[in-house]
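Secondary and tertiary structure notes
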Amino acid sequence: MEGPKKKGKKEGEKKKKLTKSERLKLQQEEEERRLKEEEEARLKAEREAAEKLERQQVERRKWEALLEKDQLRRTEEFEELFLLEKCFINAEKWKKEVRNLSKWFHYIKCDGSPDPSIAPEINTFISLWKEKQNEDIDSVMKQSKLVLELIEKLESVLFDTPPHELTNEQIAQYQASIMELRELLYFKFNEATETLLKQASSFGDTDSGNMEMIIKDENVTLYVWANLKKNPKYKTIKFGDTDIGFTIPKLLASSDTAVRIFHTNYDHISPLPVVPRPVKPQVIDEIIEEATKTDTTQEEAVPQEGTEEAAEQQELQTPLVPEAEVKTEESTLFVKQSNLSVLKEAADSKKEEPIVKRLKNEQVLPAPVETIPEVPHAEIVTDEEVVDLKGFTPLGGIYHLNILQLPPQAKQIKGWTIVEVSPSLPPLPEQEEASLDKKKKLISGGLQTFIYPPEHTDENPESENHHVPIEFVITINRNVVFFEKPMMARWDTEGKAWRTDGFISLFYDMAERSISFSLETVYPVTLIQDTHIHMPYESWELRPVGDDEVILNVTTTFTDIDIHIKESQCMLAAVEVGEDYELSHLLKKWMNISSLITAMKQTGLNIFPSEYSSAYVAVKDKDPLVEMKTYRQMALLASSFSFCWSKWNQACGSQNVVLKVGELLKKEYVEDDEWSIYMYNGERAQKLKINESSNEFSEDLEEHTELHSTLYHMIKDFASKEAIEKIRDSNYLFVDAVCKLLLSVRVLTYS
């Protein structure tokens with residue numbers, strides 16, 4: 001066995017051994033093969049480089065041809081777009097006429113209610129109501145509805161009127177009127193509470209002997225308890241069938257006290273929001289002024305009914321803005337109303353200069369260019385306990401918690417009811433803050449608070465000791481949606497801010513929608529939610545559903561929202577919040593866009609970024625002017641085309657926007673394979689070759705497509721005749737409403 005193995009090994013060694021010449025020959029062959037491969041690789045690389053250069057030259061020539069073609073028709077496209085965008089001017093003229101007519105209709109109605117925008121009328125109304133004394137709670141609640149309507153009208157004037165139509169003096173007047181109405185309304189409720197407490201003995205409970213009462217309407221709910229018997233046994237009170245109640249210490253249970261939980265669905269404590277002011281736009285060229293002069297209309301006047309009413313008619317009348325002025329202010333209007341003026345620190349004026357120069361050379365007639373102002377600098381909140389109202393919002397109304405001194409009760413003597421009457425005068429600011437005596441503080445007329453814990457004095461040395469806190473239980477209304485556990489905040493009168501400290505214990509029962517907490521002393525309290533809880537959006541889609549009808553769908557982390565627009569009206573068509581909420585006040589209710597935005601914010605469905613939102617939401621800001629132009633042209637096309645979110649919008653840079661577009665006339669939705677992707681930078685639009693499933697972003701054009709100066713004309717290239725006819729037949733109020741909604745939600749930045 002061993003012999004053969006050795007033989008095989010020797011034979012293998014003989015085969016492996018090469019001669020010197022053979023080794024040289026083999027090395028020579030390998031060198032020749034290497035050189036040949038290198039030569040082939042070099043030739044291939046040169047050939048590929050030549051082919052690539054040729055392709056680049058072809059593509060460059062093709063691109064230059066497309067640019068030249070786009071340049072030749074740029075003037076025509078801008079002129080056509082300018083004519084189409086006159087619908088926004090017409091909408092503003094219509095809204096101005098409506099505002100003027102509303103003043104006239106209010107004047108001829110003669111129902112006794114004041115026009116809150118006219119200082120003498122609102123001042124007279126406030127003075128007359130101040131003079132009324134000893135009104136009962138029913139009368140005050142009835143009058144409160146009118147006061148809230150007046151406040152709502154003033155807020156509507158401040159935020160719906162174009163900024164250039166309001167002077168600083170008017171803004172100051174309207175805001176002062178709002179503050180006076182707020183203070184008067186709270187004063188009247190305090191006065192009515194005092195009147196009610198003086199008659200508390202007439203409403204005593206048969207079991208406890210104390211008064212427990214709930215008074216409610218659609219705006220306020222008043223929970224009042226009067227400690228008539230001063231029995232320490234009754235320390236824990238629960239109002240009726242509700243979960244709302246309180247537990248008071250023995251000291252309060254054995255004193256002449258009353259407890260009031262005054263819940264208002266409105267917020268009259270937080271500071272008034274800042275009213276946007278106009279920014280003077282830049283007119284591109286004198287040609288624009290000459291062109292607009294031909295279309296300028298004269299000021300319209302309300303016909304005078306007679307010489308006796310001439311002065312009053314003149315007071316009610318507000319002159320209409322000529323069309324040229326509306327054109328000049330057009331960009332300002334839509335940028336300011338939608339808060340687009342604060343998308344980034346400042347618009348690059350140098351970047352706009354070559355655009356303006358080029359437009360001058362082409363003698364184009366576009367809308368005036370708006371200079372985008374800087375983002376307002378928000379004050380930095382350094383105290384961690386102070387609520388930053390730019391990032392958080394009071395939601396669900398205000399709960400005014402009061403421990404009151406029980407006033408002397410009415411006495412029945414020989415058929416007469418004798419009631420002690422206190423002077424009913426509004427408290428001075430120093431009276432509101434300073435104690436009038438050791439145990440009382442004036443809050444309205446004769447209504448006095450019971451100071452708890454007691455102030456430390458030499459006569460009462462035990463007041464320094466720890467006192468049992470007061471425990472409250474409140475419930476959250478089912479018409480308000482909290483998507484996360486809310487924060488509790490109390491109002492700091494001295495600091496004029498909401499604070500999150502001061503709560504000794506805090507327990508949430510979100511299943512029962514109740515919150516229990518303890519306080520050493522009482523304050524107005526509220527619930528706080530993150531203003532930007534729904535931002536950024538996960539996706540969005542704008543699709544037509546009929547003639548002059550569209551639905552904007554916005555999907556957020558917590559819910560799915562559908563807003564339906566029909567002509568100039570809109571409504572919340574659907575929202576996913578579960579069955580635990582009652583949103584009948586908002587769902588399926590037609591209203592104007594401003595009212596819808598306010599109602600949705602108050603409900604907890606805030607998808608409307610503010611001027612400070614970019615500091616709180618991690619998004620890539622888009623160029624404000626590009627974003628505004630895109631929304632306007634989307635609105636023009638909205639009756640025939642569906643627009644949708646694209647993941648490439650975040651990859652294309654701040655100077656471009658990318659979105660999916662598909663014609664939608666007869667179907668309910670656009671199929672996945674029917675979407676096309678478009679990119680627009682405010683000066684050029686193109687259809688991209690990529691789709692949503694592509695691996696990386698590319699600006700390559702779709703085959704057999706061209707460049708256009710506007711998004712409108714780019715999409716128009718692929719539109720059917722029926723779609724074009726439907727676009728041209730769109731109502732100008734519908735187009736304006738769609739544009740305003742898009743500017744308010746800002747789907748291109750916050751998605």
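For the structure itself, look to the data block above.
Read on for an overview of the structure. Here the structure is a predicted model, which is why all the values come from computation and not from measurement.

When its secondary structure is counted, the chain shows 17 helices and 24 strands. Counting every position in the chain, which comprises 751 residues, the buried fraction comes to 46%. Carbon and sulfur atoms form 50% of the exposed surface of the chain, whose accessible area is close to 38,900 Å².

Pairing in this open sheet of eight strands is antiparallel, and the strands run E20-E19-E18-E17-E21-E22-E23-E24 from one edge to the other. Each edge of the open sheet carries a strand with a single partner, namely strand E20 (569-575) and strand E24 (685-687). Averaged over all neighbouring strand pairs, the angle between strand axes comes to 25 degrees, with direction disregarded. Sheet topology places strand E23 (residues 676-680) next to E24; three bridges connect them, and they run antiparallel. Looking at E24, one finds that methionine 679 is bridged to glutamine 686. Most of the contacts of helix H13 (residues 593-603) go to E20, to which it runs at about 30 degrees, and overall it touches strand E19 (560-566) and E20.

The next thing to look at is the pattern of salt bridges. What the rule picks out here adds up to 30 salt bridges. Between lysine 145 and glutamate 218 there is a salt bridge, with the nearest N and O atoms lying 3.6 Å from each other. Of the two residues, lysine 145 is situated in helix H5 (residues 137-160) and glutamate 218 in the loop between strand E1 (211-216) and strand E2 (220-226); the sequence distance between them amounts to 73 residues. Overall, glutamate 218 belongs to the exposed group, its relative accessible area being 52%.

A separate point is the pairing of strand E12 (residues 487-492). Bridge count between E12 and strand E16 (residues 524-530): four bridges; the pairing is antiparallel. Bridged to methionine 487 within E16 is isoleucine 528. Examined bridge by bridge, E12 and strand E13 (residues 497-499) share three bridges and lie antiparallel to one another. Across the sheet, arginine 490 pairs through a bridge with arginine 499, a residue of E13. Taken together, E12 and the strand that follows it, E13, pair antiparallel across an intervening segment of four residues, in which lysine 496 is found at a positive phi of about 50 degrees.

Moving on to helix H17 (residues 732-745). For H17, built from 14 residues, the straight-helix expectation of 20 Å at 1.5 Å per residue is met to within 8% by its first-to-last C-alpha distance of 20 Å. For H17, the N-terminal cap is asparagine 731; the gap from its side-chain oxygen to the backbone nitrogen of leucine 733 is 2.7 Å. Positioned one or two residues after H17, arginine 746 has a phi angle of 55 degrees, which is positive.

Note on aromatic pairs: each is described by the distance of the centres and the angle between the planes. Scanning all chains against the criterion turns up 13 aromatic pairs. Every member of this aromatic cluster is reached through a ring pair, and the members are Tyr223, Trp225, Phe239, Phe246, Phe472, Phe503 and Phe517. In this arrangement the basic side chain of lysine 390 is found over the ring face of tyrosine 612, its NZ or CZ atom lying 5.4 Å from the centre. Its guanidinium or amino end placed over the ring of phenylalanine 718, lysine 687 lies 4.0 Å from that ring's centre, counting from NZ or CZ.

Between two packed helices, what matters for the description is the angle formed by their axes and the separation of those axes. Interhelical geometry of H5 versus helix H6 (residues 168-198) gives an angle of 165 degrees and a closest axis separation of 10 Å. On the basis of their axis angle, the class for H5 and H6 is roughly antiparallel. For the element pair H5 and H6, the recorded crossing hand is left-handed. In contact with Ile137, Val140, Met141, Ser144, Val147, Leu148, Leu150, Ile151, Leu154, Glu155, Val157 and Leu158 of H5, H6 contributes Ile171, Tyr174, Gln175, Ser177, Ile178, Leu181, Arg182, Leu185, Lys188, Phe189 and Ala192. Of the residues belonging to the contact of H5 with H6, the class tally is 17 nonpolar, three polar and three charged.

With that settled, consider the pairing of E20. Most of E20 is tucked away: five of the seven residues are buried. Bridging between E19 and E20 involves six bridges; their strand directions are antiparallel. Considered in E20, the bridge of lysine 566 is made with glutamine 569. Taking the residues between adjacent antiparallel strands as the criterion, E19 and E20 are bridged by two residues, where glutamate 567 takes a positive phi near 55 degrees.

Looking now at helix H4 (residues 119-131). The α-helix advances 3.6 residues per turn, and as a result positions three or four apart in sequence lie on the same side. In this model, H4 (13 residues) spans 18 Å end to end at C-alpha, consistent with the 18 Å of a helix rising 1.5 Å per residue. Those residues of H4 not exposed but buried are Ile122, Phe125, Ile126 and Trp129. Projected onto a plane normal to the axis of H4, the buried residues spread over an arc of 95 degrees and lie on a single side. Among the exposed residues of H4, those pointing more than 90 degrees away from its buried face are Pro120 and Glu131. On its buried face, H4 is in contact with H5 and H6.

Now for the nonpolar core. In terms of nonpolar packing, the biggest core is built from 70 residues, with Leu542, Met600 and Phe643 touching the most fellow members. Looking at which element gives the most residues to this core, the answer is H17, with nine residues. Once you skip the residues sitting within four places of it in the chain, leucine 542 turns out to touch Val550, Ile551, Leu552, Met634, Ala638, Phe641, Ser642, Phe643, Val738 and Leu742.

On to the side chain of threonine 603, then. Looking at the element boundaries, threonine 603 is found in helix H13. Owing to a relative accessible area of 1%, threonine 603 belongs among the buried residues under this scheme. If we skip the residues at most four places from it in the chain, threonine 603 touches Leu395, Asn479, Val480, Val481, Leu583, His585 and Leu586.

The next point concerns the sheet that holds strand E3 (residues 236-238). Pairing is antiparallel in the open sheet, where five strands are placed in the order E3-E4-E11-E15-E14. The sheet is open, and its two edges are formed by E3 and strand E14 (503-509), each paired on a single side. Pairs of neighbouring strands in the sheet enclose a mean axial angle of 10 degrees, with direction left out of account.

This part takes up unusual backbone geometry. Omega for the bond connecting tyrosine 452 with proline 453 falls within 30 degrees of zero, at 0 degrees, which places this linkage in the cis form. Along the chain, proline 453 falls in the loop between strand E10 (447-450) and strand E11 (470-475). In this model, methionine 535 is joined to proline 536 through a cis peptide bond whose omega is -5 degrees. With respect to the helices and strands, proline 536 occurs in the loop between E16 and strand E17 (539-546). Look at asparagine 134: it is not a glycine, yet its phi comes out positive at around 55 degrees. Inspection of the secondary structure assignment puts asparagine 134 in the loop between H4 and H5. Notably, glutamate 567 is not glycine yet its phi reads approximately 55 degrees, a positive angle. Tracing the backbone through its elements, the reader meets glutamate 567 in the loop between E19 and E20.

Their axes nearest at 8 Å, the elements helix H14 (residues 624-637) and H17 cross at an angle of 145 degrees. The hand of the H14/H17 crossing is right-handed. Of the residues in H17, those touching H14 at Met628, Tyr631, Arg632, Met634, Ala635 and Leu636 are Val735, Val738, Cys739, Leu742 and Leu743. Here the residues of the contact of H14 with H17 sort into 10 nonpolar, no polar and one charged.

With that out of the way, let us pick up the side chain of serine 640. Note that serine 640 resides in the loop between H14 and strand E21 (641-644). Judged by relative accessible area, which is 0%, serine 640 ranks as buried. The residues touching serine 640, leaving out its near neighbours within four places in the chain, are Pro544, Gly662, Glu663, Leu664, Leu665, Ala723, Lys726 and Ile727.

Following the sequence through the fold, proline 469 ends up in the loop between E10 and E11. Overall, the relative accessible area of 23% leaves proline 469 in the partly exposed class. For the pair formed by proline 469 and isoleucine 504, sequence separation is 35 residues and the distance between their alpha carbons is 8.0 Å. Apart from residues no more than four positions distant in its own chain, proline 469 is found in contact with Thr247, Pro249, Ile504, Ser518, Leu519 and Glu520.

Thresholds, definitions, all that
- Residues numbered from 1 in each chain as written.
- Predicted model: local features only at pLDDT ≥ 70, side-chain atom pairs only at ≥ 80, totals over all residues.
- Heavy atoms only, no water.
- Helix = DSSP H or I, 4+ residues; strand = E, 2+ residues; numbered from the N terminus.
- Buried < 20%, exposed > 50% of the residue type's maximum accessible area, 1.4 Å probe, protein only.
- Areas by Shrake-Rupley, 256 points an atom, 1.4 Å probe, with all protein chains shown as cover.
- Pairing = 2+ DSSP bridges.
- Axes fitted to C-alpha atoms, helices over the stretch in contact; angles between N-to-C directions.
- Contact = heavy atoms within 4.5 Å.
- Salt bridge = Lys/Arg side-chain N within 4 Å of Asp/Glu carboxyl O.
- Expected span 1.5 Å × (residues − 1).
- Polar contact = N/O pair within 3.5 Å; in protein donor to acceptor, adjacent residues only side chain to side chain.
- Phe/Tyr/Trp six-rings, centres within 6.5 Å; stacked < 30°, edge-to-face > 60°.
- Lys NZ or Arg CZ within 6 Å of the ring centre and 35° of its normal.
- Parallel < 35°, antiparallel > 145°, perpendicular 65-115°, else oblique.
- Left-handed = near helix turned anticlockwise from the far one by under 90°.
- Nonpolar A, V, L, I, M, F, W, Y, C, P; charged D, E, K, R; others polar.
- Arc of directions from axis to C-beta.
- Core = buried A, V, L, I, M, F, W, Y, C linked by side-chain atoms within 4.5 Å.

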